[in-house]
Amino acid sequence: MMNPEHRAMFRFLISGLILLIVLAGWGFWSRFGTKPPQTLRQLQQSSLLRQLRPPAASLDRAASPLVPLYLDRRFDDIVRAASSKSSNDAVTAKLLPLEEILIGNSLALLGRWRDAEVYYEMVSPGPYRADARADLSLAFSALKDPNRGIEAAVEALEADQKRGDLAAQAGDLGTLGTFAFVLGDFAKAMGAHKAALNLAMEAGDPWREAMERTSLGNFLYIQHHFDSALDYQRGALRLYQSSGDPIGEAHALTSLGLIHKEKGNREDALRFFAEAQELYRRIGDREEESRTWINLALIQQDREDYDAALRAARTALTIEEHGSGPLGVAVALGTVGTIQKSAGDYPGAIKTFEEALDLFKKAGAEQQIHGVEIEIKSLKDRVSASSTAPH
């Protein structure tokens, strides 16, 4: 069984390494059977809008009736207008390439990536083709189709190189780096993200620079190059703050906490996790807040402050109990049980792990089931040995 510490760390790093960090929140709130809070939803859309092309700042309101709707973030209205237009005859249903992209982007911003793919594929060769292929590569990232995503990103990159658009090239290379990581090619991933970072700096795009620093910092963390990882994440944090991106800022704070924890700097780790937790709470990202409470709990466990550790873990548990699925609750319970075990409360740990086991079974998490069963048996053997030992 992957212990709660490694599980929380791995889940965070994967969400941070994937280019579309905005998507992480949507999955959690769909688990809760509701939409994310309005503030979080707006922040997520802002993050995704920074990645989708063409850039909003380049759009002319007079170019299409859809542009003002897009700039005003009336994405539902754009989708309705597209649906209405497609129901007319073939002549009046003809869309401009820019309109096809804006409809695709609106669908993506509403979480409908499969539908967005259709509109991106409609864009014919011409001035908007590179933008459409870049957006299509993001769609394939969301749809977990790296091979088709690479094909679309390479086409976009070649076109962007011909027209000398440095910021667009940085985005294309960042996407390709993410796909390389997903496919297990660390060398290509590092090379692509380093090239993307250099282009973002040359283009004067601080937010893209922050994204690339985040990715590179996470790669270096995985490879245990902690000092270099710290430098990248510190730079990312400053850039997210200056760019007004609290989601990116919170991710950078969490990364800094993880790195300091690995370096043995517990107080620094505690400080960064606490800042991240408060920021996630303010923006309403309950999934990341829960993970951060688990990180805080594990730091307090390392400090042997078991009361504080249990309070933090149970706060994460309370958050997860409002979800609709058993897996998150089981992971939080596993954290509570681990702390109880470290504190010497073996009977309490057994009871907690048994609750977690039932939930892992409901979730069909075979690997975790086996690990928890081994943990319970080990603890019961300890209790039994302790009760029969001579005093």
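Check the entry above for the structure.
Residues numbered from 1 in each chain as written. Predicted model: local features only at pLDDT ≥ 70, side-chain atom pairs only at ≥ 80, totals over all residues. Heavy atoms only, no water.

1. A short note on the packing of helix α18 (residues 326-342) against helix α19 (residues 346-363)
It is at 8 Å that the axes of α18 and α19 come closest, and there the two elements cross at 160°. On the basis of the axis angle, α18 is roughly antiparallel to α19. The two elements α18 and α19 cross, and the hand of that crossing is left-handed. Touching Pro326, Leu327, Val329, Ala330, Val331, Leu333, Gly334, Val336, Gly337, Thr338, Gln340 and Lys341 of α18 are Tyr346, Gly348, Ala349, Thr352, Phe353, Glu355, Ala356, Leu359, Phe360, Lys362 and Ala363, all from α19. Here the residues of the contact of α18 with α19 are counted per class, giving 14 nonpolar, 6 polar and 3 charged. (Axes fitted to C-alpha atoms, helices over the stretch in contact; angles between N-to-C directions. Helix = DSSP H or I, 4+ residues; strand = E, 2+ residues; numbered from the N terminus. Parallel < 35°, antiparallel > 145°, perpendicular 65-115°, else oblique. Left-handed = near helix turned anticlockwise from the far one by under 90°. Contact = heavy atoms within 4.5 Å. Nonpolar A, V, L, I, M, F, W, Y, C, P; charged D, E, K, R; others polar.)

2. A few points about the pattern of salt bridges
Enumeration according to the criterion identifies 31 salt bridges in this entry. Notably, a salt bridge pairs Arg80 with Asp77, separated by 2.4 Å at the nearest N-O pair. Residue Arg80 and its partner Asp77 are located together in helix α5 (residues 75-86), separated by 3 residues, close to a single helical turn. A salt bridge links Arg291 to Glu288, with the nearest nitrogen and oxygen atoms 3.1 Å apart. With Arg291 and Glu288 both in helix α16 (residues 286-302) and 3 residues apart, this pair spans about one turn of that helix. Note on Arg291: relative accessible area 8%, which makes it buried. Glu288 gets classed as buried once you look at its relative accessible area, which sits at 2%. Put simply, Arg114, Glu117, Glu121, Arg129, Arg133, Asp145, Arg148 and Glu155 are held in one network by salt bridges that share partners. (Salt bridge = Lys/Arg side-chain N within 4 Å of Asp/Glu carboxyl O. Buried < 20%, exposed > 50% of the residue type's maximum accessible area, 1.4 Å probe, protein only.)

3. Let's talk about the side chain of Asp135
Following the sequence through the fold, Asp135 ends up in helix α8 (residues 129-142). There is no salt bridge for the buried Asp135, and the closest opposite charge comes from Arg53, which lies 5.7 Å off by N-O distance. Only 2.8 Å separates the side chain of Asp135 from the backbone nitrogen of Arg53, close enough to count as a polar contact. Excluding residues within four positions of it along the chain, Asp135 makes contact with Gln51, Leu52, Arg53, Ile101, Asn105 and Tyr120. (Lys, Arg positive; Asp, Glu negative; His and termini not counted. Polar contact = N/O pair within 3.5 Å; in protein donor to acceptor, adjacent residues only side chain to side chain.)

4. Side note on the nonpolar core
Membership of the largest hydrophobic core comes to 69 residues, with the highest contact counts inside it found for Tyr240 and Phe360. Among all residues touching Tyr240, those that are not within four sequence positions of it are Trp207, Ala210, Met211, Thr214, Asp245, Gly248, Glu249 and Ala252. Judged by nonpolar contacts, the second largest core, of 29 residues, contains Leu49, Val79, Leu107 and Leu136. (Core = buried A, V, L, I, M, F, W, Y, C linked by side-chain atoms within 4.5 Å.)

5. So, the packing of aromatic side chains
Evaluation of the coordinates by the stated rule reveals 5 aromatic pairs. The interplanar angle of 70° and the centroid separation of 5.8 Å between the aromatic rings of Tyr70 and Phe75 together place this pair among those described as edge-to-face. By the burial criterion, Tyr70 is buried, and Phe75 matches it. An aromatic cluster is built from Phe181, Phe186 and Phe219, whose rings are joined through pairwise contacts. The aromatic ring of Phe272 is capped on one face by Arg271, whose charged end is 4.5 Å from the ring centroid. (Phe/Tyr/Trp six-rings, centres within 6.5 Å; stacked < 30°, edge-to-face > 60°. Lys NZ or Arg CZ within 6 Å of the ring centre and 35° of its normal.)

6. Regarding the packing of helix α10 (residues 166-182) against helix α12 (residues 206-222)
Axes are the key here: two packed helices are described by the angle between their axes and the distance separating the axes. Put simply, α10 and α12 touch, their axes get as near as 10 Å, and they point 25° apart. In terms of orientation, α10 lies roughly parallel with respect to α12. In this structure, the crossing between α10 and α12 has a hand that is left-handed. Touching Ala170, Gly171, Gly174 and Phe181 of α10 are Arg208, Glu212, Phe219 and Ile222, all from α12.

7. Remarks on helix α11 (residues 186-203)
Look at α11: 25 Å from first C-alpha to last across 18 residues, which is about the 26 Å you get at 1.5 Å a residue. Residues of α11 that are buried include every one of Ala189, Met190, Ala192, His193, Ala196, Leu197, Leu199 and Ala200, and no others. At the exit of α11 stands Gly204, carrying a positive phi of roughly 70°. (Expected span 1.5 Å × (residues − 1).)

8. Section: the environment of Lys188
With respect to the helices, strands and loops of the structure, Lys188 is situated in helix α11. Each C-alpha atom of the pair Lys188 and Gly177 lies 6.7 Å from the other, and the pair is 11 residues apart in sequence.

9. A short note on unusual backbone geometry
For the bond from Arg53 to Pro54, the omega torsion is 0°, close enough to zero to count as cis. Within the secondary structure, Pro54 is located in the loop between α3 (38-51) and α4 (66-71). In this structure, Lys144 takes a positive phi of about 60° despite not being glycine. Overall, the relative accessible area of 73% leaves Lys144 in the exposed class. With a phi close to 65°, His224 is a non-glycine residue in the positive phi region. Following the sequence through the fold, His224 ends up in the loop between α12 and α13 (226-243).

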